[in-house]
Amino acid sequence: MINSLLERQIEKRPDKVRLQGRILFLTEDPELIQRQLSGEDLPWDTKNPANNPRLRDDISTDEITPAHYCFYFDETLGEIPYLGLKCGSITPIGRGDVKRGGFVCAVSGKRRGKGSSREQSPYAEMCAGIRVVIAENIERIYKQNCQNLGVLTSTNFSLIDRIRSGEEIPLSEFTAGEDEITRQVIEYGGLFPFNVARMQGKVFLPPIESAGGSARATRAMTLAEKIFARHMINDKGEVGVPSVKPGDTGFARADLRFSHEYVTPMAAIFFEKYVGKDAKVNDPSTILFFRDHLTFLDEVISEEKKKLGLLDLATQLKLKQQDFAKKQGIRLHGELTDRKGSEGICHSIVLESYALPGQLNIGSDSHTPHVGAIGCVAFGIGTTDVFNSWITKDVRVRVPESVKVVIRGKKHPNVTAKDFILKILSLDYVRSGKALAKVMQYAGEAIEELSVDERATMTNMAAEIGGFTGIVAPDKKAVDFLVERRGIDRQEAETMMLGLYSDSGAQYAHVIELDAADITPMVATPGDPGNGKYIRDLHTPVPIEIAYGGTCTAGKNEDMDMYAAVLAEALKQGKRVADSVKFYIQFGSQETREYCVRRGYLDVFQRAGAHVIEPSCGACINAGPGVSTRPDQVVISAQNRNFPGRSGPGQMYLASPFTVAASAVAGYIVEYEPSEKKETVSV
């Protein structure tokens, strides 16, 4: 494989680009979008931005390419971009509209490309003719996916006039402010040609120099920086450097690389196309595949989508992943053979069975930071990064800044990690995009009291913050987790923890300090995980039709403890799930299912009227029981995202497992009150 790549002819793209085509402004006003699709070019005043219509903020990858259309993994995706884009209650863009419109540039507001790491989104834009994306700020994974594919990105709105005039624009306009490696990736037109040039010795890899300019000097580092330093490849090709600082760029050796059936087939096709049909991946023992996203799709997919052949396409994803895994000798955690369901969600299984403190793990899902709960640096990557890692066993990295989130004091008994993270997501610092691409390091007495399962909720939802990853310094609870859940020798587990803490002089981009006593049960109102409110501030009751407990965020052992505690209390009081509500509980893994069997929870769930589902991502990605089917349907869910259309057309509130279960019993959104508190109040 390497020899054939060494002989490959690789050239840089021209140093000037002329972007010939129209500009699509993704505005809040659906009529303005429809007029553009009909052929009208929207006026735009780059010198007086206040004169312009409002651009849509927070466009998620779910809106760019809705989940069901990600079953395509070829240029058919060019018919798909922005099919899920909502302007108020209207979705103004139809299939093929963008491609027919002759657009070369798409413009939007803040936090473009938030959410899922699916590379289908920029790939769909590229196949529709979009060559440049302009936005006020751009989420890390989406931006990196664009660069990897060769799609240009910018936050410079003055380029609009130059594109419209047909002017030749220096490529340096799109590389300005980027690190040395990213600049070269853009110049070579994508990550794969850059990596081939790298193997051929044609590119410049900047040496990683610590404070003072000496490669030997060390500096006070955060926990994440220490882990990066252990994994960065030095100028001799060896793994490990004395220290790193934010902004250092290079390649980091991954301990574990994983992907699921949404991404593996597209990555496999890229691999076979660009590397060779008979080429072998680098070290298959450190690669994992998962069939975890689409196991229950047939139960919820609409007849209309079946007629489009989308269910058949989903089956092809599964088969392509199976074939590639078998051909390459890669471990596939697949479907169950004796009943419907999967072995488990990728993040759940990686935490339960694979990840170790101090590792650097990469995965094809934005919620890869899940395993930061035991002190890993783990982060999501796109399809091109996945297939390139199969060649090089490393990943392009720009060492991020860290934000320290300190939650002091003792939490209320009915407050969980989900309430903490919903509070953090509601803060102006996060909502304004200042936390984008930063490590979220959680600390403080309230975090230290959380179990590893609960810490995983915090690290998992660093993805919703737009952070690079989330991490908690490993401690005795992490040791206990490895011993009790993984069977690792206690002394060996304690040895793994050595040095895994932030130095006292470590520098942070920002410090967020919260008092746990100030945080009461929360919900995120429909539309965005950042729409956090205290339940007591809702003022009027919110009746619900569906309650959903599950996904990687809320399908862990301790989440099941919470559902069971609420339902067991309800049964003691002669109550069950309200007649007006369907309550679904879905395990994150078979290990969690077995835990529930041992604890007798399945009986509690059944007697209380909850519907139990085998492991899968399911409703969270509109692919399993628990999805809404009508726009007026209200859902309360313990999942991580409530972007428009992500889990059906309904109105979704996000909440903790306690709140979801209590609301399922009440029939409307309500705080969970432990029975001891109720007794105290009634005295």
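No experiment lies behind these values; they were computed from the predicted model shown.

Basis of the calculations
- Once a new chain begins, its residue numbering starts again from 1 and follows that chain's sequence as written.
- With pLDDT at 70 or above as the cut-off, local features in this predicted model cover only qualifying residues; side-chain atom pairs require 80 or more to be listed or tallied, and sums for whole chains, interfaces and linings still use all residues.
- Side-chain metrics in this entry use all non-hydrogen atoms of the structure; hydrogen atoms and water are not considered.
- Only protein chains enter the accessibility calculation, which uses a 1.4 Å probe; a residue is then buried when its area is under 20% of its type maximum, exposed when over 50%, and partly exposed in between.
- The numbering of helices and of strands both runs from the N terminus, where a helix is a DSSP run of H or I of at least 4 residues and a strand a run of E of at least 2.
- At least two DSSP bridges between two strands are needed for those strands to be called paired.
- For helices, the fitted axis covers only the stretch in contact; all axes are lines through C-alpha atoms, and the angles between them, taken along N-to-C directions, range from 0 to 180 degrees.
- The contact definition used throughout considers only heavy atoms, calling two residues in contact when any of these lie within 4.5 Å.
- Pairs of cysteine sulfur atoms within 2.5 Å are what we label disulfides.
- Only buried Ala, Val, Leu, Ile, Met, Phe, Trp, Tyr and Cys residues count toward a nonpolar core, and they belong to the same one when joined by side-chain atoms within 4.5 Å.
- Each residue after the first adds 1.5 Å to the expected span of a helix.
- To obtain the arc, one takes the directions from the helix axis to the C-beta atoms.
- Note on aromatic pairs: the rings of Phe, Tyr and Trp (six-membered ring only in Trp) are paired at centre separations within 6.5 Å, and the planes decide the class, stacked below 30 degrees, edge-to-face beyond 60, tilted for the rest.
- Both cavities and pockets are sets of points on a 1 Å grid over the protein atoms alone; in a cavity a 1.4 Å probe fits but cannot get out, in a pocket the set is open with protein on both sides within 12 Å along at least five of seven lines, and lining residues sit with an atom within 4 Å of a point.
- Grid points are joined across faces, edges and corners, and a volume is the space filled by probe spheres set on the points.
- The residue classification treats Ala, Val, Leu, Ile, Met, Phe, Trp, Tyr, Cys and Pro as nonpolar and Asp, Glu, Lys and Arg as charged. All others, Gly included, are polar.
- Criterion for a salt bridge: a side-chain nitrogen of Lys or Arg within 4 Å of a carboxyl oxygen of Asp or Glu.

A. Structural view of unusual backbone geometry. With a phi close to 65 degrees, Ala437 is a non-glycine residue in the positive phi region. When its relative accessible area of 27% is taken as the criterion, Ala437 is described as partly exposed. Here Asn622, not a glycine, exhibits a phi torsion of approximately 65 degrees, which is positive. Residue position: Asn622 is located in the loop between strand E22 (611–613) and strand E23 (634–637).

B. Examining the sheet that holds strand E17 (residues 510–515) more closely. Sheet architecture is open: 4 strands sit in the order E16-E15-E14-E17, paired in parallel fashion. A strand with exactly one partner marks an edge of an open sheet, and here the two such strands are strand E16 (469–472) and E17. Neighbour-to-neighbour, the strand axes of the sheet open up by a mean angle of 20 degrees, direction not taken into account. Of the strand pairs in this sheet, strand E14 (residues 402–408) and E17 are connected by 6 bridges, and their pairing is parallel. Paired with Ile407 across the bridge in E17 is Leu514. On top of the sheet, helix H11 (residues 223–231) reaches E14, strand E15 (439–443) and E16; it is set at about 105 degrees to E16, its chief contact.

C. Highlighting the pairing of E14. Here E14 lies mainly inside the structure; 5 of its 7 residues are buried. The pairing of E14 with E15 spans 5 bridges and is parallel. In the strand pairing of E15, Ser402 is matched with Val439.

D. Region of the structure containing the state of the cysteines. Within this structure, the stated rule accounts for 0 disulfides. A disulfide-free cysteine, Cys87 has its sulfur positioned 17 Å from the sulfur of Cys105, the nearest such atom. Note on Cys87: relative accessible area 4%, which makes it buried. Here Cys596 stays free of any disulfide, with the sulfur of Cys552 as its closest cysteine sulfur at 17 Å.

E. Here's a closer look at the sheet that holds strand E3 (residues 103–107). In spatial order, the strands read E2-E3-E4-E5; together these 4 strands make up an open sheet with parallel pairing. At either end of the open sheet lies a strand with only one pairing partner, and these are strand E2 (22–25) and strand E5 (152–154). Here the strands of the sheet are splayed against their neighbours by 20 degrees on average, with no regard to which way each runs.

F. Highlighting the side chain of Thr175. You can see Thr175 is positioned in helix H8 (residues 172–175). Beyond its immediate chain neighbours, meaning those up to four positions away, Thr175 contacts Arg183 and Ile186.

G. Here's a closer look at the nonpolar core. Judged by nonpolar contacts, the single largest core of 80 residues is most densely connected at Phe379 and Trp390. Counting 41 residues, the second largest nonpolar core, distinct from the first, contains Val415, Val430, Met458 and Val635.

H. Spotlight on helix H14 (residues 310–328). Here H14 is 19 residues long and its end C-alpha atoms lie 27 Å apart, about the 27 Å a rise of 1.5 Å per residue gives. Among the residues of H14, Leu310, Ala314, Leu317, Gln321, Phe324, Ala325 and Gln328 are the ones counted as buried. In a view along the axis of H14, the buried residues occupy a sector of 100 degrees, so they form one face of it. The outward face of H14, more than 90 degrees from its buried face, is lined by the exposed residues Asp312, Asp323 and Lys326. Contacts from the buried residues of H14 go to strand E8 (256–260), helix H12 (264–274), strand E9 (287–290), helix H13 (303–307), strand E10 (331–333) and helix H16 (383–392). Within two residues after H14, Gly329 carries a phi angle of roughly 70 degrees, on the positive side.

I. Main features of the packing of aromatic side chains. Across all of its chains, the model carries 21 aromatic pairs by this definition. For the ring pair Phe271 and Trp390, a centre distance of 5.9 Å and an interplane angle of 70 degrees mean the geometry is edge-to-face. Of this pair, Phe271 sits in helix H12 while Trp390 is found in helix H16, placing the two residues 119 residues apart along the sequence. Each ring, one from Phe289 and one from Trp390, has its centre 5.9 Å from the other, and the planes form 55 degrees; the classification is tilted. On the criterion of sequence distance, the pair formed by Phe289 in strand E9 and Trp390 in helix H16 is long-range, its members being 101 residues apart. For the pair Phe289 and Trp390, one class covers both residues: buried.

J. How the structure looks around empty space enclosed by the protein. In this structure the tally under the stated criterion is 5 cavities of 30 Å³ or more. Lining the largest cavity are 23 residues, with Ser116, His293, Asp365, Ile621 and Arg646 sitting closest to its centre. Partitioning the lining of the largest cavity into residue classes produces 8 nonpolar, 11 polar and 4 charged. Estimates place the volume of the second largest cavity at around 120 Å³. Among the elements that take part in the lining of the second largest cavity, helix H6 (residues 140–149) stands out by supplying 3 residues, more than any other. Within the lining of the second largest cavity, the residues separate by chemical class into 5 nonpolar, 7 polar and 4 charged.

K. Molecular detail of the pattern of salt bridges. For the structure shown, the criterion picks out 50 salt bridges. The salt bridge involving Glu173 is made with Arg162; its shortest N-O contact spans 2.6 Å. Taken together, the positions of Glu173 in helix H8 and Arg162 in helix H7 (residues 159–164) put the pair 11 residues apart, joining distant regions of the chain. Overall, the relative accessible area of 26% leaves Glu173 in the partly exposed class. Connected through shared salt-bridge partners, Asp338, Arg339, Arg593, Glu594 and Glu614 make up one network.

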